[in-house]
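# Architecture and fold: a report
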Amino acid sequence: KGKYVTDFPEDLLWDHENAIVIPHLGASTEEAEDAAAAMAAETIMRFLTTGEIVNSVNFPTTLLEKHCTTTSVRIAIVNQNVAGSLAQILAIFGDKNLNILQQVNKSRGDIAYNVVDVELRDDVDWPMVQKDLTTIPEVISSRFILGETPLGGYGYAVNHPEKGYSV
């Protein structure tokens, strides 16, 4: 008499006499848990050091070529995905005469995510750039990435709906 072994049973197999239903243990092995933890740590480090997003449930995958941390500032901006938001963000760079070296804008549902590399200059008030960007009504948060030394306060700023701007 034949037997069928499965860890993904269809409804009719649950009580079938020739079916052996076992739990799916693929992610429960020590090796799988180690690999998942390593992947999560690598994903977080990639986000913290480059602003890139991969394997996210609620943000779009966003990749941008590596930037030179000695000649550029990478700015990551989260905003509401509504018409005109990107134009307002880019206008800040134009108003401050900042040269955009490269950029990417991606959205998923109500959220848009931008990564912008701008030319690093000593004559720029970077905390003010961050404040101007983050206080655009549709902007949720911003983060400046420059090698080991974030610019613009502590590198992360938020535009809280009730509390306003904070670094």
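Above this text is the structure in question.
Quick notes on the rules
Residues numbered from 1 in each chain as written. Predicted model: local features only at pLDDT ≥ 70, side-chain atom pairs only at ≥ 80, totals over all residues. Heavy atoms only, no water. Helix = DSSP H or I, 4+ residues; strand = E, 2+ residues; numbered from the N terminus. Buried < 20%, exposed > 50% of the residue type's maximum accessible area, 1.4 Å probe, protein only. Contact = heavy atoms within 4.5 Å. Areas by Shrake-Rupley, 256 points an atom, 1.4 Å probe, with all protein chains shown as cover. Lys, Arg positive; Asp, Glu negative; His and termini not counted. Charge placed at Lys NZ, Arg CZ, Asp CG, Glu CD. Patch = residues over 30% accessible without salt bridge, like charges linked within 9 Å, V, L, I, M, F, W, Y side chains within 5 Å. Salt bridge = Lys/Arg side-chain N within 4 Å of Asp/Glu carboxyl O. Axes fitted to C-alpha atoms, helices over the stretch in contact; angles between N-to-C directions. Parallel < 35°, antiparallel > 145°, perpendicular 65-115°, else oblique. Left-handed = near helix turned anticlockwise from the far one by under 90°. Nonpolar A, V, L, I, M, F, W, Y, C, P; charged D, E, K, R; others polar. Phe/Tyr/Trp six-rings, centres within 6.5 Å; stacked < 30°, edge-to-face > 60°. Expected span 1.5 Å × (residues − 1).

## Observations concerning the overall build of the chain
Along its length, the chain carries three helices and eight strands. The helix and strand sequence of the chain, counted from the amino end, reads β-β-α-β-α-β-β-α-β-β-β. Considering only C-alpha atoms, the chain reaches an extent of 80 × 35 × 30 Å along its principal axes. By the burial criterion, 32% of the 167 residues in the chain qualify as buried. Sequence separation of at least 24 residues holds for 54% of the intrachain contacts in the chain that already meet a minimum separation of 6. Accessible area for the chain stands at about 10,400 Å²; split by element, carbon and sulfur atoms hold 55% of it. Side-chain charges in the chain split into 12 positive and 23 negative, and the spacing between the mean points of these groups amounts to 3 Å.

## A word on a negative patch on the surface
Among the surface-exposed residues, Glu30, Glu31, Glu33 and Asp34 lie close enough to one another that they form a single negatively charged patch. Its location among the elements puts glutamate 30 in helix 1 (residues 30-50).

## So, the packing of helix 2 (residues 85-95) against helix 3 (residues 126-134)
Interhelical geometry of helix 2 versus helix 3 gives an angle of 155 degrees and a closest axis separation of 9 Å. The angle between helix 2 and helix 3 places the two elements in the roughly antiparallel class. Crossing of helix 2 over helix 3 shows right-handed handedness. Here Ile89, Ile92 and Phe93 of helix 2 lie close against helix 3, whose contacting residues are Val129, Asp132 and Leu133. Split by residue class, the contact of helix 2 with helix 3 holds five nonpolar, no polar and one charged.

## Focus: the environment of isoleucine 100
Within the element layout of this structure, isoleucine 100 appears in strand 4 (residues 100-108). Sequence separation of isoleucine 100 and leucine 86 is 14 residues, and the distance between their C-alpha atoms is 14 Å. What isoleucine 100 contacts, discounting residues up to four positions off in sequence, is Leu90, Phe93, Val116, Asp117 and Val118.

## Some words on unusual backbone geometry
When glycine is set aside, most residues are seen to have a negative phi, and most peptide bonds are trans. Phi at asparagine 55 takes a positive value of approximately 60 degrees, unusual for a residue other than glycine. Here asparagine 55 lies in the loop between helix 1 and strand 3 (72-80). Of note in the backbone geometry, asparagine 97 takes a positive phi value of approximately 55 degrees without being a glycine. Positionally, asparagine 97 belongs in the loop between helix 2 and strand 4. Look at asparagine 97 and you get exposed, because its relative accessible area is 60%.

## Thoughts on the packing of aromatic side chains
Per the stated rule, a full pass over the model turns up two aromatic pairs. The interplanar angle of 90 degrees and the centroid separation of 6.1 Å between the aromatic rings of phenylalanine 59 and tyrosine 113 together place this pair among those described as edge-to-face. Within this pair, whereas phenylalanine 59 is found in the loop between helix 1 and strand 3, its partner tyrosine 113 is found in strand 5 (residues 111-119), the two being separated by 54 residues in sequence. Tyrosine 113 sits in the buried class, given a relative accessible area of 2%. Residues tryptophan 126 and phenylalanine 144 carry aromatic rings whose centres are separated by 6.3 Å and whose planes lie at 75 degrees to one another, so their mutual orientation is edge-to-face. A residue pair is termed long-range when its members are at least 10 positions apart, and tryptophan 126 in helix 3 and phenylalanine 144 in strand 6 (residues 139-145) qualify at 18 residues.

## Some details on helix 1
The end-to-end C-alpha distance of helix 1 is 30 Å, a good match for the 30 Å that 21 residues give at a rise of 1.5 Å each. A positive backbone phi angle near 80 degrees is found at glycine 51, which sits one or two residues after helix 1.

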